Amino acid sequence: VTVADNRKPAFRDCKGYAPSVKEEQAPGTFVLKVEADDPDEKDIIEYSFVTAASERPKFRIDSKTGVIVTSYTFDRDEPIREKEVYVTVRATDNGRPPLDDVCTFKVTIEDINDNPPVFDKAKYEESMSEDIQVNRVVMRISASDFDDGDNSIVKPIDRKPGQYYSMNVRAYNIINDQPQDAQIEVKIRVIESNKKPPTFINPPTEPIYLNENFSDYSKSLVVLKAQSNVPDKPEVIFELITGRTEQTNSKKTFVFTQGEDDVSITLGKALDYEAITDYTLTMSVKNTYDLVAEHLIKIKVKDVNDNIPYFTEVTTGTISENEPPGTPVMQVRAFDMDGTSANNIVSFELADNTDIFAIDSSTGNITALTTFDREERDFYNVKVIATDNSPSSLYNTGQHNMGQQVFRIEIADKNDHRPHFTRDEYISDKVAEDANINFLVIEVTAEDADAASQITYTIFIKYFIVKSEQQHLLAIDNDGCLRLIQPLDRDEPNGHKNWQVIVAAVDENREENRQPGNIVTLKAKDYDEPHNGPPFHYEIDQNAPEDIKRKFGITGDILIAMDIFDREEQKEYMIPILISDSGEPTMRNPYKESLQQREALNEVPDIGGFLVGKKDSCDKDNDAHPVDDVRYYAYEGDGNSTGSLSSLASCTDDGDLKFDYLSNFGPRFRKLADIDNAVCTAA
């Protein structure tokens, strides 16, 4: 048995894939082209995504080219915050069995300037003294932008008070690419010169740093103190402004508690560095004159190691049996959602089966340390541990965060075993010589140690009778059932009391996937005189389907295969072949459409030549009865008791009941051939 190599494909540069796509792009935007190679030259690679059953598809991949495009419009900003997406692609070949490789990479969603600035208040209304000095601050106006990076720089407001009681203030970013802006009306109320706004006393100016796992909701983060600047009325009212973005406390992540002349800010909701990295809080204080002062407080959130690594959707790998040590098996991938590299770099190790598999701690590539035999064991369960790179903030043990998963590694079958019969000899007793056709004689069984049917395809065992002289008497199907197709003779000289039948079994899988080459030698007969017969010319009918003309060809009298075939795709092919003789004029056995064209030519059939050929054939028949044999040939229904034109096929070849050759003698004979064939098939 010759075993062809079946090796798995591999991605060319999986580690180097780092695509990006801008947010708000229409579906169909190009992302990346992945490419994989297969050492088996004839194998074809198909690409697909590995996704969870409930996962909404965000990308499309061309299964043949590996081109990935978006199928979804991404939004990097609030509230969705899609900043990165992990994608796993599988490359599968068409070997037997199919083998695959997987590649997981990150797609970065780039920010664009698609959001206008947002003022931190919906309404600005302030008071100022009528004799306020020039260049004194009247009020502070601030705006935020949902966009990241340089797209969120807001030009500072530098406008001097004038003679106006109301004004429009415009906030805009300074990015040339699609600049965004917002406007708001500001009202200034002029008050008496002896009325003063309150002031904060020594407010902090440095940012406050908090770990994202900070959870002491009773601890004061900062205390602000203020004076009213109203004689005999020290009362003040504090307010923590609720902004219009999460960074400006729209979700009340921070809360405050007021005293007589001070206020304390505490944590109101859990922090998450991966969501918000910094906050800008605005604390206002108002006195009895309804004059207001404000102070900004910056809070920075610090990343901690509070995420456990998790594995992607890939849970199985494959290696073919009989592959040498060092053969790649699969790549496992795990990710850590912590926001900084100090906490999110993952390494891998095996928890078991270390004597037969090895794993690269950085890439997650698993390789074999031995050669496997599927007939001994067909799979292994291998546990992989993924560990991040800093002590966990979830425990007090100092250990790192770890995730684990069991992967099933299957040993793929190769066709490396011959089929064998379950017995050395089969004996069938007491078969009557007049047994009916299709009488069950015996059932034989063969087995194949290759168990590829448990993986992706089924191996069929085909039986056939070895002795050619018995093949017209007995038939055997692919279930091993031996049946009569002609009565057996018990008496001499052609009969036997006991018939010995040799049955062979072949593994059909040895025939599929065979390299292109010769299939069969074509043979033909011609009932004309020798000078009008051979040599014959063979060709595939030009009206044949394109698939047939692509997969088959004829060289001389040899039918050849020009492709590799897969029995699971198609079990048989009907190949229309035109046969031409060397006579004058050239006669053809044509395709049906060509037959219709010949009928229009009113050709005269050479029946006389055919009858002479039949007479000579019968005279030379050694099995013919040793008596004079008178034969009459006439049209069907002519009344002759000898028979009809079906006699044209009769000498001693009782098994040959095909009358297709009658079609060469004109329309009426062609109709008769169709009738005779139908009758024989029914019989």
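Relevant structure appears above.
Fair warning: this is a prediction, and the values are worked out from it, not measured in the lab. (Residues numbered from 1 in each chain as written. Predicted model: local features only at pLDDT ≥ 70, side-chain atom pairs only at ≥ 80, totals over all residues. Heavy atoms only, no water.)

S.K.: Any chance you could explain the overall build of the chain here in plain terms?
M.R.: The helix and strand inventory of the chain stands at four helices and 44 strands. By residue count, 37% of the 683 residues in the chain fall in the buried class. At a minimum sequence separation of 6, the contacts of the chain that also span at least 24 residues come to 66%. If you sum the accessible surface of the chain, you get close to 40100 Å²; carbon and sulfur atoms cover 47% of it. (Helix = DSSP H or I, 4+ residues; strand = E, 2+ residues; numbered from the N terminus. Buried < 20%, exposed > 50% of the residue type's maximum accessible area, 1.4 Å probe, protein only. Contact = heavy atoms within 4.5 Å. Areas by Shrake-Rupley, 256 points an atom, 1.4 Å probe, with all protein chains shown as cover.)

S.K.: What is the right way to read the sheet that holds strand S37 (residues 481-484) from this model?
M.R.: One key point about sheets: their strands pair by backbone hydrogen bonds, in either a parallel or an antiparallel sense. Ordered by their spatial adjacency, three strands build an open sheet running S33-S37-S36, and the pairing between neighbours is antiparallel. Pairing within the sheet leaves two strands with one partner each, and these edge strands are strand S33 (440-443) and strand S36 (474-476). On average, each strand axis in the sheet is inclined to that of its neighbour by 20°, with strand direction left out of account. (Pairing = 2+ DSSP bridges. Axes fitted to C-alpha atoms, helices over the stretch in contact; angles between N-to-C directions.)

S.K.: Before we go on, may I ask you to explain the nonpolar core in this structure?
M.R.: Nonpolar side chains in soluble globular proteins tend to end up buried together. Core analysis: the largest hydrophobic core is formed by 26 residues, its most contacted members being Phe254, Met283 and Ile297. The set of elements that each furnish at least two residues to this core consists of strand S16 (208-211), strand S17 (222-227), strand S18 (237-240), strand S20 (262-267), strand S21 (278-286) and strand S22 (292-302). Non-local contacts of Met283, meaning those with residues more than four positions away in its chain, are made with Phe200, Leu224, Phe238, Glu239, Leu240, Phe256, Val263, Ile265, Ala293, Glu294, His295 and Ile297. (Core = buried A, V, L, I, M, F, W, Y, C linked by side-chain atoms within 4.5 Å.)

S.K.: I tried to follow the side chain of Ser264 on my own but got confused; where do I start?
M.R.: One can find Ser264 in strand S20. On the basis of relative accessible area, Ser264 is assigned to the buried category, the value being 18%. A polar side-chain atom of Ser264 sits 2.6 Å from a polar atom in the side chain of Ser220. Beyond its immediate stretch of four places on either side in the chain, Ser264 contacts Ser220, Val222, Val223, Val255, Phe256 and Thr257. (Polar contact = N/O pair within 3.5 Å; in protein donor to acceptor, adjacent residues only side chain to side chain.)

S.K.: Is there a simple way to think about a negative patch on the surface in this case?
M.R.: A cluster of acidic side chains, namely Glu433, Asp434, Asp489, Asp491 and Glu492, defines a negative patch on the protein surface. Take Asp489: it is sitting in the loop between S37 and strand S38 (503-507). (Patch = residues over 30% accessible without salt bridge, like charges linked within 9 Å, V, L, I, M, F, W, Y side chains within 5 Å. Salt bridge = Lys/Arg side-chain N within 4 Å of Asp/Glu carboxyl O. Lys, Arg positive; Asp, Glu negative; His and termini not counted. Charge placed at Lys NZ, Arg CZ, Asp CG, Glu CD.)

S.K.: Explain the state of the cysteines to me, please; I cannot follow it from the model alone.
M.R.: Here a disulfide denotes a covalent bond joining the sulfur atom of one cysteine to the sulfur atom of another. For the coordinates displayed, the defined rule picks out one disulfide. Each sulfur of the disulfide joining Cys14 and Cys103 lies 2.0 Å from the other. Here the S-S torsion is close to 100°, and the disulfide linking Cys14 with Cys103 is therefore right-handed. Taken together, the residues span a long stretch of sequence, with Cys14 in the loop between strand S1 (10-11) and strand S2 (20-22) and Cys103 in strand S9 (residues 100-110) at a distance of 89 residues. Here Cys14 falls in the buried class, since its relative accessible area comes to 12%. (Disulfide = S-S within 2.5 Å.)

S.K.: What am I meant to see in the sheet that holds S18 here?
M.R.: One open sheet holds the four strands; their spatial order is S16-S22-S21-S18, and the pairing between them is mixed. At either margin of the open sheet sits one strand with a lone partner, and together these are S16 and S18. Averaged over all adjacent pairs, the angle separating strand axes in this sheet is 25°, with direction ignored. Bridging between S16 and S22 involves four bridges; their strand directions are parallel. Bridge pairing in S22 links Ile208 to Ile299.

S.K.: Just checking my understanding: could you explain the environment of Glu584 for this structure?
M.R.: With respect to the element layout, Glu584 can be found in the loop between strand S43 (577-580) and strand S44 (588-589). Given the relative accessible area of 71%, Glu584 is considered exposed. C-alpha of Glu584 to C-alpha of Gly533: the two residues are 51 residues apart in sequence and 9.7 Å apart in space.

S.K.: I keep staring at unusual backbone geometry and nothing clicks. Help me out?
M.R.: Across residues other than glycine, the phi torsion is negative in most instances, and most of the peptide bonds are trans. Unusually for a residue other than glycine, Glu24 sits at a positive phi of about 65°. Note on Glu24: relative accessible area 37%, which makes it partly exposed. Of note in this structure, Asn202 is not a glycine but carries a positive phi near 50°. Of note, Asn202 is situated in the loop between strand S15 (199-201) and S16.

S.K.: Any chance you could explain a nonpolar patch on the surface here in plain terms?
M.R.: The grouping of Ile308, Leu394 and Tyr395 at the surface amounts to a nonpolar patch, some 270 Å² of accessible area in total. Tracing the backbone shows Tyr395 in the loop between strand S30 (379-391) and strand S31 (400-412).

S.K.: What's the story with the environment of Thr277 in this structure? I'm lost.
M.R.: Take Thr277: it is sitting in the loop between S20 and S21. Its relative accessible area of 35% is what places Thr277 among the partly exposed residues. What Thr277 contacts, discounting residues up to four positions off in sequence, is Ile299, Lys300 and Val301. At 3.2 Å, the side chain of Thr277 and the side chain of Asp278 are in polar contact.

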